[in-house]
Amino acid sequence: MPMTITEKILALHAHREGVSPGELIEVDVDMALANDITAPLAIDVFEAIGTHAVYDPEKIALIPDHFVPNKDINSAQQAKVMREFAARHGILHYYEIGQCGIEHVTLPEKGLVIPGDLVIGADSHTCTYGALGAFSTGVGSTDLGVIMATGKTWLKVPPTIKLHYEGRLSPWVRGKDLILHTLGMLGVDGATYRALEFSGTVIKGLSMDQRFTMANMAVEAGAKNGIIEPDGITLGFVADRSSRAPSLVAGDPGADYERVIRIEVDTIEPQVALPYSPANVRPLSQIGSIELDQVFIGSCTNGRLEDLRDAAAVLKGHTVKKGVRLIVIPGSELVYQEALQEGLIGVLLGAGAVIGPPSCGPCLGGHLGVLAEGERALSTTNRNFIGRMGHPTSEVYLASPVVAASSAIRGRIAGPEEL
Amino acid sequence: MRFQGTVWKFGDDTDTDCIIPARFLTVYDELELARHCFTDVRPGFQDMITQGDIIVAGRNFGFGSSREHAPLAIKGVGISLIVAESFARIFYRNAFNIGLPLVESPEASRALAEGTKVSVDLLAGEIEVFDTGERFSCKPLPDLMRHIIEAGGLVEYVKTKRGHEHVP
């Protein structure tokens, strides 16, 4: 029976000829991931199971990113639990700050995920690696603890919704705008238990950085995974970073999709998600005048080199509006170094931005830019729930780095055409 | 697997932040988390619950982050089962993994009012109202989910399974 790319990767990892949506299968895990928040509980579970060794110290990645550099004693304790576990078990892909960054930026750039892999992470944005043509999904800490012991997990095979993007993108419209537009169509549970497959000539023309942004937010529609079939752009990215041979899985002709949604992109303008849902999306032209206290550019959604290039291109020759705080956090140490070499950091500093150390930072209201009562922020991140970035009465608007940089200059939500 | 208790009703899109706000995630002991369960939307929830009570909710219960603290808090207050029209995916896994069963029943989700006493037979896939005898069907538990709940959670399930594998 013909299968989608998601079904084929699952079948390969379940050692089966074929799988169908709805089946429960047990799969081998190529990479298991946790961070400083989710790892300590997973480590407790691992120890409760009573195995003495992890299933494979080369197939586990433990990345301190949420509350680092540690913001308080509790977060330092959690990071210490993970660090000591990594040392005890010889975890190859444990990195200290200064050698990594946000987990979902770090794993691809270190070549730890390649097309055809199956990745499970104790973080809901693990779906990011679908941009590489891998199957990847988020779980809780207990699932991850068991995977660290056994190397296996159970999954229900998801039906696939195919999103087909055709047409020509307007200037300044990015992957972030496409995924926000799509979330506006699907809603926050429009793809629950489903695979979202991004396809069409528009996707083929997107850079890896923009593909990561799109796959990253698949979970905001409730999806199990978001995936893009690998092509020349994927292979070029992976060849520079990994010595493993990628498994170029593609969907079969005639594979069964639950739905196929065609999206004409010609008329799509920059998009903004209003409080308090990432699916509460409007085109920029319909936003009206929304004044801002803070703008944040960064996160696993939009903290990559191309995002900083966009921000610097918009900010060059301008300054941040008086009374507005612009916080820029490169997604990883490598992104930071490349941005420095290209002169982007100089442009951002010159415009009045503060540059933070690679971290999830203010995205989840942890540190490095928490909002006060009644404050309003525009952010390139992925969630804008009540109190997500600070006080329960603060508001978060989601958009691309292009819109974020333009808004920082104007002090209100704005696009580059207004500058 | 039978469950009996009073219904506590919640609407659509009950998110993990409203189940247990992020400011309480510095611990993961279920009894400690229980003290703050639904604290912003139903203050004192823990004190209202009799051990074994049942949550009945609408669509997409548990959506949002992957925090396992959410089902741990609900289990900690003494809730024995959640019936909903649908569940968010990661919450679904996390709840079974820590030994808290979930079952989907759109009709019971719509019909049951707060305070109703019900009996739920998960193997038969049936929900019965004590007073009136009215019945609703619910989706039978997949075998794997049933085995995990019978074992008391994924950790115990894996330990038992491993034990069996070593028996010649």
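Counting from 1, residues in each chain are numbered in the order their sequence is written. Written order determines the labels here, with chains lettered from A and ligands numbered from 1. Only residues with pLDDT of 70 or above have their local features reported here, since the model is predicted, and side-chain atom pairs are shown and tallied only from 80 upward, although totals for entire chains, interfaces and linings are computed over all residues.

A look at the overall build of chain A
Quick note on the threshold: Numbering of helices and strands runs from the N terminus; a helix is a DSSP stretch of H or I covering at least four residues, while a strand is a stretch of E covering at least two. Here a residue counts as buried when 20 or more other C-beta atoms fall within 10 Å of its C-beta, as exposed when 12 or fewer do, and as partly exposed in between; the C-beta atoms come from the backbone. Contact between two residues is assigned whenever their backbone-derived C-beta positions fall within 7 Å.
Scanning chain A from N- to C-terminus turns up 14 helices and 18 strands. For chain A, the spread of C-alpha atoms along the principal axes amounts to about 60 × 50 × 40 Å. Split into buried and exposed, the 419 residues of chain A put 58% on the buried side. Counted over contacts in chain A with a minimum sequence separation of 6, partners at least 24 positions apart contribute 77%.

Describing the domain arrangement of chain A
Residues and elements named next belong to chain A. Note the following rule: What counts as a domain boundary in this text is fixed by an automatic or database domain assignment.
Domain annotation of chain A identifies domain 1 (5-263) and domain 2 (271-418). Using C-alpha coordinates to define each centre, domain 1 is positioned 24 Å away from domain 2. Each side of the interface is counted separately: domain 1 has 37 residues, and domain 2 has 33 residues. For the side of domain 1 that touches domain 2, the secondary structure elements donating two or more residues are helix 4 (103-109), helix 6 (175-186) and helix 8 (208-216).

Structural notes on the interface of chain A and chain B
Defined as follows: For this classification, Asp, Glu, Lys and Arg are treated as charged, while Ala, Val, Leu, Ile, Met, Phe, Trp, Tyr, Cys and Pro are nonpolar and the rest, including Gly, are polar.
Listed by partner, the interface residues are 28 residues for chain A and 27 residues for chain B. Contributing elements (two or more residues each) for the side of chain A that touches chain B: helix 2 (39-49) and helix 5 (141-150) of chain A. It is helix 5 of chain A that provides the largest number of residues to the side of chain A that touches chain B, a total of five residues. Looking at the side of chain A that touches chain B, its residues break down into 12 nonpolar, 12 polar and four charged.

Brief notes about the environment of Asp29(B)
Residue and element names in this part refer to chain B. Tracing the chain through its elements places aspartate 29 in the loop between helix 1 (16-19) and helix 2 (30-34). On the basis of neighbour count, aspartate 29 is assigned to the exposed category, with 10 C-beta atoms found within 10 Å. Taking the C-alpha atoms as reference points, aspartate 29 and isoleucine 55, separated by 26 residues in sequence, lie 21 Å from one another.

Let's talk about the sheet that holds strand 2 (residues 31-35) of chain A
All names here are of chain A. Quick note on the threshold: When DSSP finds two or more bridges between a pair of strands, those strands are recorded as paired.
Judged by pairing direction, the sheet is parallel, and its five strands sit side by side in the order 4-3-2-5-6 without closing on themselves. Lying at the two open borders of the sheet, with one neighbouring strand each, are strand 4 (93-94) and strand 6 (135-138). Sheet analysis places strand 2 next to strand 5 (residues 118-121), joined by three bridges and oriented parallel. Considered in strand 5, the bridge of methionine 31 is made with valine 119.

Quick look at the sheet that holds strand 3 (residues 81-84) of chain B
Residues and elements named next belong to chain B. Keep this limit in mind: Angles shown run from 0 to 180 degrees and are taken between the N-to-C directions of axes, each axis being a line fitted to C-alpha atoms and, for helices, limited to the stretch in contact.
Read across the sheet, seven strands follow the order 4-3-2-1-5-6-7 without closing on themselves; strand pairing throughout is mixed. Of all the strands in the sheet, just strand 4 (102-104) and strand 7 (135-137) have a single pairing partner and so form its edges. Across the sheet, the axes of successive neighbouring strands diverge by a mean angle of 30°, strand direction being ignored. The pairing of strand 5 (residues 117-121) with strand 6 (residues 126-129) spans four bridges and is antiparallel. Each residue of the ladder has a partner; that of aspartate 121, found in strand 6, is glutamate 126.

Description of the packing of helix 11 (residues 305-315) of chain A against helix 13 (residues 344-351) of chain A
Residues and elements named next belong to chain A. The criterion, for reference: The labels follow the angle: roughly parallel below 35 degrees, roughly antiparallel above 145, roughly perpendicular from 65 to 115, and oblique for the rest. In a left-handed crossing the near helix is turned counterclockwise from the far helix by less than a right angle, and in a right-handed crossing that turn is clockwise.
Direction vectors running N to C along helix 11 and helix 13 enclose 45°, while the axes themselves pass 9 Å from each other. Taken together, the axes of helix 11 and helix 13 lie oblique to each other. In this structure, helix 11 crosses over helix 13, and the sense of that crossing is left-handed. The segment helix 11 lies against helix 13, with Leu308, Arg309, Ala311, Ala312 and Leu315 engaging Leu344, Val347, Leu348 and Ala351. Of the residues that constitute the contact of helix 11 with helix 13, the class distribution is eight nonpolar, no polar and one charged.

As for the environment of Pro69(A)
Residue and element names in this part refer to chain A. For proline 69, the location among the structural elements is in the loop between strand 3 (60-63) and helix 3 (73-89). According to the C-beta neighbour criterion, proline 69 is partly exposed, with 16 such atoms within 10 Å. A C-alpha to C-alpha distance of 9.8 Å links proline 69 and glycine 98, two positions 29 residues apart in sequence. With near-sequence residues (within four places) excluded, proline 69 lies in contact with Ile97 and Pro357.

Points about helix 6 of chain A
Residue and element names in this part refer to chain A. Rules: Every helix has an expected span of 1.5 Å times one less than the residues it contains.
End to end, helix 6 covers 16 Å across 12 residues, agreeing with the expected 16 Å (1.5 Å per residue, within 8%). Every buried residue of helix 6 is accounted for by Gly175, Lys176, Asp177, Leu178, Ile179, Leu180, His181, Thr182, Leu183 and Leu186. Of the residues one or two after helix 6, glycine 187 is the one with positive phi, at around 85°.

What about the pairing of strand 3 of chain A?
Residues and elements named next belong to chain A. Threshold: Place the viewer so that the strands point away; then a crossover is right-handed whenever the path from the first strand over the helix to the second strand goes clockwise.
Neither face of strand 3 is open: one carries Ile60 and Leu62, the other Ala61 and Ile63, and all of them are buried. Where strand 2 meets strand 3, four bridges bridge the pair, whose relative direction is parallel. Bridge pairing in strand 3 links alanine 32 to isoleucine 60. With helix 2 bridging strand 2 and its parallel neighbour strand 3, the resulting β-α-β unit is right-handed. Where strand 3 and strand 4 come together, two bridges link them in parallel fashion. Following the sheet pairing, alanine 61 is matched in strand 4 by histidine 93.

Observations regarding the confidence of the model for chain B
Applicable threshold: The pLDDT score gives, residue by residue, the confidence of the prediction method on a 0 to 100 scale.
The predicted model of chain B has a mean per-residue pLDDT of 90, with 96% of residues at 70 or higher. Among the scores for the predicted complex, ipTM is 0.88 and pTM is 0.94.

Comments concerning unusual backbone geometry
A cis geometry characterises the amide bond from Val68(A) onward to Pro69(A), with omega recorded as -15°. The step from Pro275(A) to Tyr276(A) runs through a cis peptide bond, and the omega angle for that step is 0°. Its location among the elements puts Tyr276(A) in the loop between strand 12 (271-273) and strand 13 (281-283). In this model, His15(A) sits at a positive phi of 55°, which is unusual for a non-glycine residue. As for its placement among the helices and strands, His15(A) is situated in the loop between helix 1 (5-13) and strand 1 (24-28). The phi angle at Asn60(B) is positive, at roughly 60°, despite the residue not being glycine. Residue position: Asn60(B) is located in the loop between strand 2 (54-57) and helix 4 (69-77). For Asn60(B), a count of 24 C-beta atoms within 10 Å puts it in the buried group.

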